[in-house]
Amino acid sequence: MKNQRILLIIGGGIAAYKALELIRRAQDRGYEVTVVMTKAAAQFVTPLSVSTLAKGKLYANLFDPHEEMDVGHIRLSRQADIVVVAPATADLMAKMSHGLADDLASATLLANDRPVLIAPGMNPKMWDHPATRRNRAQLVEDGVHFIGPMSGEMAEANEAGTGRMAEPAMILDAIDGLLGPLRHGPLSGKHVLITAGPTHEPIDPVRYIANRSSGKQGYAIAAAAHAAGADVTLVSGPVQLGAPDGVRLVTVETARQMKHAVVEALPADIAILCAAVADWRTTQEADKKQKKDGSGKPPILELTENPDILLYVSREAEPRPELVIGFAAETDHLIEHATAKRQRKGCDWLVANDVSQEGVMGGDTNAVHLIRDQGIDAWPKADKQAVADRLVEEIIQHFQ
Ligand code: PMT
């Protein structure tokens with residue numbers, strides 16, 4: 001898979017520390033990050049931490065004989081899909097607007113022909129200064145994209161106003177927005193619809209029927225599909241996980257809501273139904289908390305079947321996703337039950353997991369069998385992200 005590449009220029013401002021998180025989160029979204037630091041940036045964040053996170057791809061010196069041997073500042077920007085300046089200080093903005101090139105950062109920016117996104121971060125008085133205003137007007141005219149700055153408390157005591165650098169997630173959303181149409185990867189152009197987590201089926205306003213699914217397996221698949229360039233919709237029951245970067249998350253509570261969200265999200269090229277949907281719900285949800293009546297007799301809950309989402313996607317959805325993958329959580333006769341389930345539900349592939357093993361439902365590991373027309377593959381126990389990566393790899397091969 002070929003990742004998109006960001007050349008990140010870190011300017012010398014207090015917000016430089018946020019560049020570390022920016023690098024990490026960009027990598028999580030599948031970007032390759034190369035970094036140029038200004039001399040002043042090294043006063044705020046150590047080159048060692050930056051270099052460690054950027055896997056050694058850190059450059060700082062315009063006159064380094066090794067870096068300049070192959071015209072480093074020109075190569076650096078040409079190898080990137082986008083150049084991002086964060087934080088963009090007033091000084092860097094002034095250099096950019098005047099075309100100065102007296103250090104590696106400014107020389108790289110002048111030699112650059114890629115889209116440029118800057119995230120200004122500076123004191124509000126500097127941001128508001130007529131000189132900075134002139135510079136930013138010039139930069140806008142030159143086609144530079146801006147994200148932020150934001151309003152709020154500043155690092156300086158008792159200072160507030162506009163000048164705070166945008167948060168890393170916002171900067172990444174802006175990068176996604178700029179590179180979105182160019183997003184590549186083996187699954188680019190494909191819409192992948194994933195369900196994850198449990199559903200909660202209310203009994204009364206305070207109680208519900210649920211299961212132990214944590215959503216980890218489905219969320220890991222969503223992250224892997226996004227990293228492969230897919231456009232991902234993740235329909236999730238109630239879990240304690242944050243949305244994977246770059247993934248469209250739709251949260252639901254009940255099986256009926258999950259089905260509705262899935263129908264709304266269709267059409268999709270690939271559907272991966274990993275949620276542990278409750279098979280049953282109560283026929284009637286009580287509108288008040290159910291009380292003990294003193295008789296010692298527990299209430300009788302009458303249950304009814306929930307809609308089967310996988311069955312619907314496999315057999316009724318129009319157009320049907322080209323590849324429908326179901327999961328089966330079994331505690332016994334794994335292959336026998338899972339094979340029958342695949343046939344009954346009409347999905348193309350079925351991932352069978354043995355949930356009698358500790359750590360599968362709710363935990364961090366999974367041991368699965370992939371059941372397809374061409375046979376059954378047993379995968380060794382691995383963490384859920386590794387299982388997700390391998391499943392996405394199989395999907396990529398299927399579409400090649
Ligand atoms: O969430 P984690 O803690 O990471 O755990 C992951 C997992 C064990 C929950 C996951 O890997 C898994 O096995 N998910 C499917 C669990 C399940 O409900 O299996 P099932 O055998 O009951 O259902 C079979 C298939 O039908 C599943 O694809 C399920 O999403 C789907 N289904 C089931 C019932 C229903 N009403 N609608 C459905 O779409």
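Residues numbered from 1 in each chain as written. Predicted model: local features only at pLDDT ≥ 70, side-chain atom pairs only at ≥ 80, totals over all residues. Heavy atoms only, no water.

1. Some remarks on the overall build of the protein chain
Stage number 1. The helix and strand tally for the protein chain stands at 14 helices and 22 strands.
Stage number 2. Dimensions of the protein chain, computed from C-alpha atoms along their principal axes, come out at roughly 80 × 55 × 40 Å.
Stage number 3. Evaluated residue by residue, the protein chain yields a buried proportion of 49% over its 400 residues.
Stage number 4. Partitioning the contacts of the protein chain with sequence separation of at least 6, the portion at a separation of at least 24 is 68%.
Stage number 5. As displayed, the protein chain has an accessible area near 19,700 Å², and 51% of this comes from carbon and sulfur atoms.
Stage number 6. Averaged over its 42 positive side-chain charges, the protein chain has a centre that lies 3 Å from the centre of its 51 negative ones. (Helix = DSSP H or I, 4+ residues; strand = E, 2+ residues; numbered from the N terminus. Buried < 20%, exposed > 50% of the residue type's maximum accessible area, 1.4 Å probe, protein only. Contact = heavy atoms within 4.5 Å. Areas by Shrake-Rupley, 256 points an atom, 1.4 Å probe, with all protein chains shown as cover. Lys, Arg positive; Asp, Glu negative; His and termini not counted. Charge placed at Lys NZ, Arg CZ, Asp CG, Glu CD.)

2. Points about the nonpolar core
Stage number 1. Of all hydrophobic cores here, the largest spans 32 residues; its most connected members are Ile194, Ile221, Ile272, Leu391 and Ile395.
Stage number 2. Taken together, the elements giving at least two residues each to this core come down to β9 (191–196), α10 (216–227), β12 (231–236), β14 (270–273), β17 (323–330), β18 (349–354), β20 (368–372) and α14 (384–399).
Stage number 3. If we skip the residues at most four places from it in the chain, Ile395 touches Leu187, Ile270, Ile272, Leu323, Ile325 and Trp349. (Core = buried A, V, L, I, M, F, W, Y, C linked by side-chain atoms within 4.5 Å.)

3. What about the layout of surface pockets?
Stage number 1. Counted as a void, the largest pocket has a volume near 910 Å³.
Stage number 2. Lining the largest pocket are 39 residues, with Ala275, Ala276, Val277, Phe327 and Ala329 sitting closest to its centre.
Stage number 3. Listed by contribution, the elements that provide at least two residues to the lining of the largest pocket are β9, α10, α12 (309–315), β17 and α13 (334–345).
Stage number 4. Its residues assigned to classes, the lining of the largest pocket shows 19 nonpolar, 12 polar and eight charged.
Stage number 5. Here the second largest pocket is characterised by a volume of approximately 360 Å³.
Stage number 6. Tallied by class, the residues present in the lining of the second largest pocket amount to six nonpolar, seven polar and eight charged. (1 Å grid on protein atoms, 1.4 Å probe; cavity = no way out; pocket = protein on both sides within 12 Å on 5 of 7 lines; lining within 4 Å. Points joined across faces, edges and corners; volume = space filled by probe spheres on them. Nonpolar A, V, L, I, M, F, W, Y, C, P; charged D, E, K, R; others polar.)

4. Here's the deal with the pairing of strand β21 (residues 375–378)
On a regular strand, each side chain points to the face opposite its neighbour's, so the side chains alternate between the two faces of the sheet.
Stage number 1. With four bridges joining them, β20 and β21 adopt antiparallel strand pairing. Considered in β21, the bridge of Ile371 is made with Ile376.
Stage number 2. Between β20 and β21, which pair antiparallel in sequence order, lie two residues. (Pairing = 2+ DSSP bridges.)

5. Focus: the sheet that holds β21
Stage number 1. The eight strands lie next to each other as β13-β12-β9-β14-β17-β18-β20-β21, forming an open sheet whose pairing is mixed. Only two strands of the sheet have a single neighbouring strand rather than two, namely β13 (248–251) and β21. Strand-to-strand, the axes of this sheet are offset by a mean angle of 15 degrees, without reference to chain direction.
Stage number 2. As paired elements, β12 and β13 share four bridges and run parallel to each other. In the sheet register, Leu234 faces β13, and the bridge partner there is Leu249.
Stage number 3. Sitting on the sheet, helix α11 (residues 255–265) touches β9, β12 and β13, and the angle it makes with β9 is about 175 degrees. (Axes fitted to C-alpha atoms, helices over the stretch in contact; angles between N-to-C directions.)

6. Details of unusual backbone geometry
Stage number 1. Following Gly148, the chain continues to Pro149 via a peptide bond in cis, the omega torsion being 5 degrees.
Stage number 2. Across the junction of Glu318 and Pro319, the peptide omega takes the value 0 degrees, indicating a cis bond.
Stage number 3. Positioned with a positive phi, Lys55 is a non-glycine residue whose angle comes to about 55 degrees.
Stage number 4. Note that Lys55 resides in the loop between α2 (47–53) and β3 (58–59).
Stage number 5. The residue His333 is not glycine, and still its phi comes out positive at about 45 degrees.
Stage number 6. By the element assignment, His333 lies in the loop between β17 and α13.

7. Regarding the side chain of Thr38
Stage number 1. Looking at where Thr38 falls in the secondary structure, it is placed in the loop between β2 (32–37) and α2.
Stage number 2. One polar contact links the side chain of Thr38 to the main-chain amide nitrogen of Ala41, over a distance of 3.1 Å.
Stage number 3. If sequence neighbours within four positions are ignored, Thr38 has contacts with Ile10, Gly11, Gly12, Leu92, Asp103 and Ala105. (Polar contact = N/O pair within 3.5 Å; in protein donor to acceptor, adjacent residues only side chain to side chain.)

8. Structural notes on the state of the cysteines
Stage number 1. One pass over the structure, following the stated rule, counts zero disulfides.
Stage number 2. Counting only cysteine sulfurs, Cys347 is the nearest neighbor of Cys274, a cysteine outside any disulfide, at a range of 12 Å. (Disulfide = S-S within 2.5 Å.)

9. Structural notes on the packing of aromatic side chains
Stage number 1. Summed over all chains, the structure comprises zero aromatic pairs.
Stage number 2. Stacked on the ring of Trp349, the Lys or Arg Arg372 has its end atom at 4.8 Å from the ring centre. (Phe/Tyr/Trp six-rings, centres within 6.5 Å; stacked < 30°, edge-to-face > 60°. Lys NZ or Arg CZ within 6 Å of the ring centre and 35° of its normal.)

10. Thoughts on the site of the ligand
Stage number 1. Surrounding the ligand, one finds 28 residues, the nearest of these being Ser213, Leu273, Ala275, Lys341 and Asn353.
Stage number 2. In the model, an oxygen atom of the ligand is placed 2.6 Å from a nitrogen or oxygen of the Ala275 main chain.
Stage number 3. Gly362 has a polar backbone atom sitting 2.6 Å from an oxygen atom of the ligand.
Stage number 4. In isolation the ligand has 770 Å² of accessible area, and contact with the protein removes 96% of it.
Stage number 5. If you list the elements that add at least two residues to the shell around the ligand, you get α10, α12, β17 and α13.
Stage number 6. The element best represented in the shell around the ligand is β17, accounting for four residues. (Near = heavy atom within 4 Å.)

11. A look at a nonpolar patch on the surface
Stage number 1. Residues Trp280, Leu301 and Leu303 make up a contiguous nonpolar surface patch of roughly 310 Å² in combined accessible area.
Stage number 2. Topologically, Leu301 is positioned in the loop between β15 (280–282) and β16 (303–305). (Patch = residues over 30% accessible without salt bridge, like charges linked within 9 Å, V, L, I, M, F, W, Y side chains within 5 Å. Salt bridge = Lys/Arg side-chain N within 4 Å of Asp/Glu carboxyl O.)

12. Let's talk about the pattern of salt bridges
Stage number 1. One pass over the full model with this rule turns up 19 salt bridges.
Stage number 2. Between Arg29 and Asp176 there is a salt bridge, with the nearest N and O atoms lying 2.5 Å from each other. Linking Arg29 in the loop between α1 (18–28) and β2 with Asp176 in helix α9 (residues 168–179), this pair joins segments that are 147 residues apart in sequence. Here Arg29 matches Asp176 in class, with each residue buried.
Stage number 3. Each of Asp91, Lys95, Asp102 and Asp103 takes part in salt bridges that share partners, so that together they form one network.

Note that every value here comes from positions in space, so none of it alone points to a role or purpose.
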